Amino acid sequence: MSIRTRTPADHPALLDIWLRSVRATHDFLSESDIGELLPQVRDVYLDAVEIWLFDDSERGPSGFIGLSGAHVEMLFLDPRRRGQGIGTRLLDHARGLRGALTVDVNEHNPKAHGFYRHYGFVDIGRSPTDGQGRPFPLIHMALREAV
């Protein structure tokens, strides 16, 4: 098991992990919402960030983190691998690269919010809409040492 930078060949696996993870954890999104997001993730978002994968040599990629500087833009795990420390390892890796991290988490995703709080992030603000202006409020968070 290792954390490595992504390659172009990883793109289908990343998209698959994103789709399965969103369906398992973002119950506030309709299938229509997911259908709208899918081409944006596939064609824009995955290429717009620095991506690191958790790669299990036996199973292949099991999760990934996308960074823009010290901001965590995305963290998605294979739903079958949740609760196994992969998200923490990816955050540890990002923290080692960038130091103090920030993240925005959907307010309607309390498990993700709890995960980041458990890791050491604190709430520093809130927006009533997501980055595209949709009615999905965001909680802005930063690691305690960065506040």
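In the block above lies the structure referred to throughout.
The structure contained in this document is the topic of the report that follows. (Residues numbered from 1 in each chain as written. Predicted model: local features only at pLDDT ≥ 70, side-chain atom pairs only at ≥ 80, totals over all residues. Heavy atoms only, no water.)

**Focus: the overall build of the protein chain**
The condition is simple: Strands are runs of DSSP state E lasting at least 2 residues, helices are runs of H or I lasting at least 4, and numbering of each runs from the N terminus. In this setup the radius of gyration rests on C-alpha atoms only. A globule is expected at 2.2 Å times the number of residues raised to 0.38. Here the term buried applies to any residue with accessible area under 20% of the maximum for its type, exposed to any over 50%, and partly exposed to those in between, with areas from a 1.4 Å probe on protein chains only. Every residue pair with non-hydrogen atoms within 4.5 Å of one another is taken to be in contact. Shrake-Rupley sampling with a 1.4 Å probe provides the accessible areas, and residues are treated as covered by the protein chains on show and by no other component. Counted as positive: Lys and Arg. Counted as negative: Asp and Glu. His and the chain ends are not counted at all. Throughout, a charge is located at the NZ atom of Lys, the CZ atom of Arg, the CG atom of Asp or the CD atom of Glu.
Each helix and strand in the protein chain was counted, giving four helices and seven strands. Start at the N end of the protein chain and walk to the C end: the helices and strands fall as β-α-α-β-β-β-α-β-α-β-β. For the protein chain, whose C-alpha radius of gyration is 14 Å, the value lies close to the compact-globule estimate of 15 Å for 147 residues. Reported as C-alpha extents along the three principal axes, the dimensions of the protein chain are approximately 40 × 40 × 25 Å. A buried classification covers 43% of the 147 residues belonging to the protein chain. Taking all contacts inside the protein chain whose residues are at least 6 apart in sequence as the whole, residues at least 24 apart take part in 59%. For the protein chain, the accessible surface area stands at approximately 7600 Å², while carbon and sulfur atoms represent 52% of it. In the protein chain, which carries 17 positive and 20 negative side-chain charges, the distance between the mean positions of the two groups comes to 4 Å.

**A word on the layout of surface pockets**
Note the threshold: Using a 1 Å grid laid over the protein atoms alone, points where a 1.4 Å probe fits but cannot get out form a cavity; open sets with protein on both sides within 12 Å along at least 5 of 7 lines form a pocket; any residue with an atom within 4 Å of a point counts as lining. Grid points are joined across faces, edges and corners, and a volume is the space filled by probe spheres set on the points. Residues were grouped as follows: Ala, Val, Leu, Ile, Met, Phe, Trp, Tyr, Cys and Pro as nonpolar; Asp, Glu, Lys and Arg as charged; and all remaining residues, including Gly, as polar.
Roughly 1200 Å³ of internal volume is contained in the largest pocket. Taken together, 48 residues line the largest pocket, and the ones lying closest to its centre are His26, Glu73, Met74, Phe76 and Asn106. Those elements that place two or more of their residues in the lining of the largest pocket are α1 (11-25), α2 (31-48), β4 (71-77), α3 (86-98), β5 (102-106) and α4 (110-119). If one sorts the elements of the lining of the largest pocket by residue count, β4 sits on top with seven residues. In terms of residue class, the lining of the largest pocket is built from 25 nonpolar, 15 polar and eight charged.

**Here we look at the side chain of His113**
Positionally, His113 belongs in helix α4. His113 has contacts with Val105, Asp123, Ile139 and Met141, leaving out every residue within four places of it along the chain.

**Concerning the packing of aromatic side chains**
Aromatic ring pairs are reported here in terms of the distance separating the ring centres and the angle at which the planes meet. Note the following rule: Between the rings of Phe, Tyr and Trp (Trp by its six-membered ring), a pair exists once the centres lie within 6.5 Å; its type follows the angle of the planes, with under 30 degrees stacked, over 60 edge-to-face, and the other angles tilted.
Overall, the coordinates contain six aromatic pairs when judged by the stated rule. Between Phe64 and Phe76 the ring centres are 5.9 Å apart and the planes differ by 40°, which places this aromatic pair in the tilted class. Placement of Phe64 in strand β3 (residues 60-68) and of Phe76 in strand β4 is noted, with a sequence separation of twelve residues between them. There is no split in this pair, since Phe64 and Phe76 are both buried. Ring geometry for Phe115 against Tyr116: centres 5.3 Å apart, planes inclined by 65°, an arrangement best described as edge-to-face. Assessed through its relative accessible area of 28%, Phe115 is described here as partly exposed. Its relative accessible area of 6% is what places Tyr116 among the buried residues. An aromatic cluster of at least three residues, connected via ring pairs, comprises Phe115, Tyr116, Tyr119 and Phe121.

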